[in-house]
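Chain by chain, the residues run as shown.
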Amino acid sequence: MSEKSKRSNHIGIIKLYENKKLKRSLKMYRNKVYSCGRDSECALPIQGNQYISSTHFKFWCTQFDSTYDPVVYVQDKSLNGTMILEAKGNCLKKIQKDKIVVIKDKTCLYFPHEVQTIDSINKSVMMFKFIIEKKKISNKENDHELSQLLNSIKHNKLFKERWMFNNTFFGSGSFGVVCGCLDLKNNQVLNVCKIIKDTIVPIEDVDEQVFCSAYKKLHGKTPLLLNKVKKERQIMQNLNHPNIVKYISCLTAETTSFDTLDNGDEFTKVNVLLFQEQAYGGDLFSYLLDAKKLVLRSLPEAESLLIVYQIMLALEYLHSRNLAHRDLKLDNILLETPEKLSRVMLTDFGIAKEKCLRMKTCIGTPEYSAPEVGNFHKNTMRDVIQNKLSQGNKKNGYDTKCDIWSLGIIFYYLLTGQPFFEKKYEDDILKRFEEYTLEDLQEWIDDKISRLKEENLVSNECVLFLKKMITIDESNRYDIEDCFQDEYIKNHKKSLESIYKGILNNSQHEEDMSMGNMSKKMKKMK
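Residues numbered from 1 in each chain as written. Predicted model: local features only at pLDDT ≥ 70, side-chain atom pairs only at ≥ 80, totals over all residues. Heavy atoms only, no water.

1. Details of the pattern of salt bridges
For side chains bearing opposite charge, pairing can occur when the charged atoms are close.
And step 1. Tallying each qualifying case throughout the model produces 15 salt bridges.
And step 2. A salt bridge links Asp-105 to Lys-106; the nearest nitrogen and oxygen atoms lie 3.1 Å apart.
And step 3. Measuring nitrogen to oxygen at the nearest pair gives 3.8 Å for the salt bridge that ties Lys-194 to Asp-348. Taken together, the positions of Lys-194 in strand β14 (residues 189-202) and Asp-348 in the loop between β20 (344-346) and β21 (353-354) put the pair 154 residues apart, joining distant regions of the chain.
And step 4. A relative accessible area of 27% means that Asp-348 is categorised as partly exposed. (Salt bridge = Lys/Arg side-chain N within 4 Å of Asp/Glu carboxyl O. Helix = DSSP H or I, 4+ residues; strand = E, 2+ residues; numbered from the N terminus. Buried < 20%, exposed > 50% of the residue type's maximum accessible area, 1.4 Å probe, protein only.)

Next comes the structure, spelled out in structure tokens:
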């Protein structure tokens, strides 16, 4: 079971007080959207008051990483706003219609027809109080290191002029940490800051291969060079699509003085900060995680298709620019809100590549990677397929079709809540598979997909579409244009376009980056 699957149950409670007396408590679970308003179907119905909208506000929680506390959001959906007072605060603010804000522990909400000033909160009014539990796995060493990192950045002049951390965190890795921040020059809009720490900058022009070899010999690991990080930034800042996370800005902050390798090469270290739009709904993996049972769930075919369709639109945009993402997976697909009709966005372009020739680097996440990408030596079914493929007279390397295989694996995940390939097979089973030909292995894949129809999980058209994506022979696998021309997609074209248009109309995404380009794109689809 993955680290994400080990998360505990509810993350907090919202308490409704009337006339200073507790009337109701509601437990909050991850990635579940709750609502409050006059509508009887709201999780917190408040009936008999004309000043309260049918759905006055929504709230939900996400948690990307169990090493950090959950993040709770509130979105106003009313005509007259929602008042908010943070714990230990003395400033009452109004959340305007459709605006999303982060809620801290002991924050209180009020209806504006009852509360307009701090003095009025002591009167007989309705109050909603959020009690958010600490859910992170404590690690004092990591907490201290993170605190030092953030403090060093806070004193950077360029950072202070525009940004402010808001004490929310969305994950970490060997690269650094992803945290929330406010854009002070843009009405304090919530954004995400990806901090890529200890990025290496050689002082003079060096042979990168020689430099990396000398660095690894001295420090025991391959350095992350600034040039590589710049490539991610350059790719992101040239992308403009509603289903790709929006790049905002980038800055670097020096961290150390000069250092020297054994071969005499000098270098310094910097922290690189990539700012991008915030996805309030978490990632697709978290969305599939059942809020109470904490196991992955399956989605209905229609909901799965809508998600896949949006990823297809993003891939069409990327592939038309000769860009391969190369790391498509549930964790790298974000949701604007954790709801059925949410805008989804591709993120993490750290290993994306603009291809001129066929790519040859074995890179990505083994569970999702196409067999022609290379052998990850994990002793899995996927590696069995790759070994067979490399023994044949197949051309070396791979192209953008590697993303289509990954998309097929994601589609299967959505429909079943299960990975397509087991992470580990028994040795005797793997040996049996090793005796298969490539044709036998493709038949095994097709049979597994066909069982979805036999178990009444999906339509026959969906099965046929899925088979064309998870195809071992790259020459027979769909490219992104083939995907759009498949009968399954064409038969659902009108409904998909209509729903998608509604998603964009209700989205937080900027108008000039959404409907203008996308309406033209849809007209070209046949």
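2. Section: the sheet that holds strand β5 (residues 57-62)
And step 1. If you walk across this open sheet you meet the five strands as β4-β3-β5-β6-β9, and the pairing is mixed. Edge strands, defined here as strands with exactly one partner in the open sheet, are β4 (44-45) and β9 (100-103).
And step 2. Both strand β6 (residues 71-76) and β9 contribute to a ladder of four bridges, which runs antiparallel. When the bridges of β9 are listed, Val-72 appears paired with Ile-103. (Pairing = 2+ DSSP bridges.)

3. Regarding the pairing of strand β2 (residues 21-28)
And step 1. Both strand β1 (residues 12-18) and β2 contribute to a ladder of seven bridges, which runs antiparallel. The residue of β2 that forms the bridge with Ile-14 is Leu-26.
And step 2. In this antiparallel pair of consecutive strands, β1 and β2, the connection spans two residues, and Asn-19 shows a positive phi of 55°.

4. Quick look at the state of the cysteines
And step 1. By the definition in use, this model includes zero disulfides.
And step 2. Cys-108 takes part in no disulfide bond, and the closest cysteine sulfur to it belongs to Cys-36, at a distance of 14 Å.
And step 3. Classification of Cys-108 by relative accessible area gives buried; the value is 8%.
And step 4. In this model Cys-179 remains outside any disulfide bridge; the closest cysteine sulfur is found in Cys-193, 4.8 Å from its own. (Disulfide = S-S within 2.5 Å.)

5. A short note on helix α10 (residues 438-454)
For an α-helix the count is 3.6 residues per turn, leaving residues at separations of three or four pointing the same way.
And step 1. An ideal rise of 1.5 Å per residue puts 24 Å on 17 residues; α10 measures up with 24 Å between its terminal C-alpha atoms.
And step 2. At its buried positions, α10 is contacted by α7 (381-391), α8 (401-416), α9 (427-434) and α11 (460-469).
And step 3. Downstream of α10 by a residue or two, Asn-456 has a phi angle that is positive, lying close to 60°. (Expected span 1.5 Å × (residues − 1). Contact = heavy atoms within 4.5 Å.)

6. Quick notes on a negative patch on the surface
And step 1. Judged by side-chain charge, Glu-439, Asp-440, Glu-443, Asp-447, Glu-454 and Glu-455 come together as a negatively charged surface patch.
And step 2. As for its position among the elements, Asp-447 is in helix α10. (Patch = residues over 30% accessible without salt bridge, like charges linked within 9 Å, V, L, I, M, F, W, Y side chains within 5 Å. Areas by Shrake-Rupley, 256 points an atom, 1.4 Å probe, with all protein chains shown as cover. Lys, Arg positive; Asp, Glu negative; His and termini not counted. Charge placed at Lys NZ, Arg CZ, Asp CG, Glu CD.)

7. Digging into the packing of helix α6 (residues 301-319) against α8
And step 1. At a minimum axis separation of 10 Å, α6 and α8 run at an interaxial angle of 165°. It follows that α6 is roughly antiparallel to α8 by the angle criterion. The handedness of the crossing between α6 and α8 is right-handed. For the pair formed by α6 and α8, the contact residues are Glu-301, Ser-304, Leu-305, Ile-307, Val-308, Ile-311, Met-312, Leu-315 and His-319 on the first element and Asp-403, Ile-404, Leu-407, Ile-410, Phe-411, Leu-414 and Leu-415 on the second.
And step 2. Here the residues of the contact of α6 with α8 are counted per class, giving twelve nonpolar, two polar and two charged. (Axes fitted to C-alpha atoms, helices over the stretch in contact; angles between N-to-C directions. Parallel < 35°, antiparallel > 145°, perpendicular 65-115°, else oblique. Left-handed = near helix turned anticlockwise from the far one by under 90°. Nonpolar A, V, L, I, M, F, W, Y, C, P; charged D, E, K, R; others polar.)

8. Structural notes on the sheet that holds β2
And step 1. With respect to topology, six strands assemble into an open sheet ordered β2-β1-β11-β10-β7-β8, the strand pairing being antiparallel. The sheet is open, and its two borders are formed by β2 and β8 (93-95), each paired with just one other strand. Across this sheet, the average inter-strand angle for adjacent strands is 30°, counted without regard to direction.
And step 2. Inspection of the sheet shows strand β7 (residues 82-85) paired to β8 by three bridges, in the antiparallel sense. In the strand pairing of β8, Met-83 is matched with Lys-94.

9. Brief notes about the packing of aromatic side chains
And step 1. This model, assessed by the stated rule, comprises 27 aromatic pairs.
And step 2. Relative to Phe-128, the ring of Phe-111 lies with its centre 5.5 Å away and its plane at 90°, an arrangement referred to as edge-to-face. Of this pair, Phe-111 sits in the loop between β10 (108-110) and β11 (126-132) while Phe-128 sits in strand β11, and the two are 17 residues apart along the sequence. Summarising the burial analysis for this pair, Phe-111 and Phe-128 share the class buried.
And step 3. For the pair Phe-411 and Phe-465, a centre-to-centre distance of 6.3 Å together with 70° between the ring planes defines the contact as edge-to-face. A residue pair is termed long-range when its members are at least 10 positions apart, and Phe-411 in helix α8 and Phe-465 in helix α11 qualify at 54 residues.
And step 4. Judged by relative accessible area, Phe-465 falls into the buried class, the value being 0%.
And step 5. Here the aromatic cluster, defined as three or more aromatic residues joined through ring pairs, consists of Trp-405, Tyr-412, Phe-420, Phe-421, Phe-433, Tyr-436 and Trp-444.
And step 6. It is Arg-297 that lies over the ring of Tyr-287; its NZ or CZ is 4.8 Å from the centre.
And step 7. Directly above the ring of Phe-420 sits Lys-448, whose terminal nitrogen or CZ lies 4.9 Å from the centroid. (Phe/Tyr/Trp six-rings, centres within 6.5 Å; stacked < 30°, edge-to-face > 60°. Lys NZ or Arg CZ within 6 Å of the ring centre and 35° of its normal.)

10. Here we look at the environment of Pro-70
And step 1. Tracing the sequence through the fold places Pro-70 in the loop between β5 and β6.
And step 2. Relative accessible area serves as the criterion here: at 10%, Pro-70 is assigned to the buried category.
And step 3. Along the sequence, Pro-70 and Leu-26 sit 44 residues apart, while their C-alpha atoms lie 17 Å from each other.

11. A look at the environment of Asn-491
And step 1. As for its position among the elements, Asn-491 is in helix α13 (residues 487-491).
And step 2. Along the backbone, Asn-491 and Leu-305 are 186 residues apart, and their C-alpha atoms lie at a distance of 12 Å.

12. Examining helix α4 (residues 226-237)
And step 1. The first and last C-alpha atoms of α4 sit 16 Å apart over twelve residues, in line with the 16 Å expected at 1.5 Å per residue.
And step 2. Residues Leu-226, Val-229, Glu-232, Ile-235 and Met-236 constitute the buried set of α4.
And step 3. For α4, the secondary structure elements touched by its buried residues are β14, β15 (247-254), β17 (266-277) and β18 (323-324).

13. Structural notes on the pairing of strand β3 (residues 34-37)
And step 1. By the alternation rule, side chains of β3 split into Tyr-34 and Cys-36 and Ser-35 and Gly-37, which are all buried.
And step 2. By the bridge criterion, three bridges tie β3 to β5 in an arrangement that is antiparallel. Within the sheet, the bridge partner assigned to Tyr-34 lies in β5 and is Phe-59.

So far we have only geometry, and geometry alone does not tell us how the molecule works.
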